[in-house]
Amino acid sequence: MTKKIFKSIVLVAGVVLLASIVIIMGVLYQYFGEVQENQMKDELSISSVAVEEDGVTYLSKLESNRYRITWIKADGTVIYDTKNGADTMENHADREEVREALSSGEGEGTRYSSTLLENTMYCAKRLSDGTVLRISMSRASAGALAFGMIQPILIVLIVALALSGILASQISKRIARPLNDLDLEHPLENNTYDEISPLLNRINFQHKEIKSQVKELQQKKDEFNQITSSMNEGLVLLDNNGTILSINPAAQNILETDEYCIGKDFLTIDRRHDMSIAIQNALNNGKSEIRSEINGREYQFDISRIQSANKTIGAVLLAFDITERELAEKTRREFTANVSHELKTPLQGIIGSAELIEGGMVKPEDMPRFVSHIKEEAKRLVVLIEDIIRLSELDEGSAMPQSEVDLLNIANEVKNNLDETAKAKNVSIQVSGKNVVIEGVKRLIYEIIFNLCDNAIKYNKDGGKVDISVSETESNSVIKVKDNGIGIAPEEQNHIFERFYRVDKSHSKASGGTGLGLSIVKHAVQYHNGTVTIDSQIGKGTEITIAIPKNK
Ligand code: ADP
């Protein structure tokens, strides 16, 4: 700032100085020229009178260094010259002032001497005898004059420079101080010079604009954060260098990091090679997808490129937890394989027996045994198919008709229907408790109690007991089915609710089990938002408790 002002002032001062010097010198040169000329003319007229009277005598007495007087005949021959000998001088007839004086009585002329850097002014006058008296005087040229004044000009220039410097620093300080003191946070509250008012108004306007834009951006950011933080899917935004711009809480959980990873390279939170290849593929080709297991859960990562004006500006990474989906898919595959196997076994039995009969291989006395075997296998098939249908219904999760169900009544119904089976196994069934009414699906509640009771009879010992009790707590309706049968080993207890899982396959099959009973129990209880707990000891018996919440 100071430099600029200094330069401007020096420039202005220099120009003004030069112009002044040129003008003043011009005026002075002109003025003194005229004065000299008048003096010369006066001198000439005095001298001409004196020469007319005294001739060369007068001229020889003259002692002037400033003037030079030459007396010239009408033919141009020099009669006398105050500086040089007349005989050494050339003819002067051709001199401009001499010619003018001879013709009109008076003449003037100025000639420049490049050797002396001087002008010589001449004035000539014709005397009464026809001769011409000429006076001449040197006059310095403008250039020589200027050269002669170089010292004072330099002094003035230095003074002007010094003054310009001081002035520039003072002016710049005076200009800069109010600018430095400006409160740009509150532009309109400044009391400063009017010239910068438009600037302050503009700043004020821009402040408002920036504020509203920042507010808008903040709102959008908050909205974005609210949406992404409530998402179950993990969401990560990356720029085109792979730097994390945003990461929602779900993604932080999945990738075991925190929000402080924002601004860092994605590689710092996930070093897997396949992941960095997938990100690179998405940035190059638009989309990519990988599946990966993290901490025992299965995730799918969908990565998509983000573009703006045909330029890749980053990528968005979405992580889905597909553990359940994968598990369901696996269960479905296993179930299908198991169902096929379970259906095939009785069917093979039926076909085998039928073929033997057809081929006349069975003796008439063995015929009833074979027919009964076919019947038994066919019955097993029907039971199996019924169980599969029930499970499929429960898997579909479609709504079933609900009604008020008295648990004690159902328990008694089950007891009556299983009494025969129990007697055949020499097992007694007891029902105890009070009437507890729940809102539920009667058919499912019946199946829960029936399957539990059926198992309690099947996996019991001779003379064993089965107790069905119905009770309620403050929050739950409770059914307990207890037996003093063979019991279940602790390591088996987690598996018995799996489809087709049997602890002792031959025992289960021999007693008509399908391996689906407890799966149906589990799903039917889940349908009522209830829980199943098991308490069992090998050789002592099993107690299975079903708790159905009153407030669903
Ligand atoms: P199954 O048709 O074989 O009875 P379930 O799903 O009902 O199939 O039962 C699974 C397995 O759990 C049975 O095969 C049996 O080994 C075991 N189990 C179920 N209930 C009892 C019980 N009360 N006592 C002992 N073992 C049982």
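These figures come from a predicted structure and were not determined experimentally.

When its secondary structure is counted, the chain shows 15 helices and 17 strands. Against the 2.2 N^0.38 benchmark of 24 Å for 552 residues, the chain shows a C-alpha radius of gyration of 64 Å, more extended than a compact globule. For the C-alpha atoms alone, the extent of the chain along its principal axes is close to 195 × 60 × 35 Å. Counting across all 552 residues of the chain, residues that qualify as buried make up 36%. Considering only intrachain contacts with a sequence separation of at least 6, the fraction spanning at least 24 residues in the chain is 54%. Here the chain displays about 33,100 Å² of accessible surface, and carbon together with sulfur accounts for 54% of that area. With 63 positive and 78 negative side-chain charges, the chain shows a spacing of 4 Å between the two charge centroids.

Our next topic: the site of the ligand. Close contacts around the ligand come from 21 residues, with N455, Y459, S508, T514 and G515 the closest. Contacts to the ligand include N455, whose side-chain N or O atom sits 2.8 Å from an oxygen atom. A distance of 2.7 Å separates an oxygen atom of the ligand from a polar backbone atom of T514. Against a free-state accessible area of 530 Å², the protein chains account for coverage of 97% of the ligand. If you list the elements that add at least two residues to the shell around the ligand, you get α12 (442-458) and α15 (517-527). Element by element, the count of residues in the shell around the ligand is highest for α12, at 3 residues.

Quick look at the pattern of salt bridges now. Tallied over the full model, the rule gives 26 salt bridges. Where R111 meets E97, a salt bridge forms, and the shortest distance between an N and an O atom there is 3.1 Å. Of this pair, R111 sits in strand β3 (residues 106-113) while E97 sits in helix α3 (residues 96-104), and the two are 14 residues apart along the sequence. A relative accessible area of 27% means that R111 is categorised as partly exposed. Judged by relative accessible area, E97 falls into the buried class, the value being 0%. The residue D387 makes a salt bridge to R390 at a minimum N-O spacing of 3.0 Å. With D387 and R390 both in helix α10 (residues 367-396) and 3 residues apart, this pair spans about one turn of that helix.

About the thresholds
Residues numbered from 1 in each chain as written. Predicted model: local features only at pLDDT ≥ 70, side-chain atom pairs only at ≥ 80, totals over all residues. Heavy atoms only, no water. Helix = DSSP H or I, 4+ residues; strand = E, 2+ residues; numbered from the N terminus. Rg over C-alpha atoms; globule rule 2.2 N^0.38 Å. Buried < 20%, exposed > 50% of the residue type's maximum accessible area, 1.4 Å probe, protein only. Contact = heavy atoms within 4.5 Å. Areas by Shrake-Rupley, 256 points an atom, 1.4 Å probe, with all protein chains shown as cover. Lys, Arg positive; Asp, Glu negative; His and termini not counted. Charge placed at Lys NZ, Arg CZ, Asp CG, Glu CD. Near = heavy atom within 4 Å. Polar contact = N/O pair within 3.5 Å; in protein donor to acceptor, adjacent residues only side chain to side chain. Salt bridge = Lys/Arg side-chain N within 4 Å of Asp/Glu carboxyl O.

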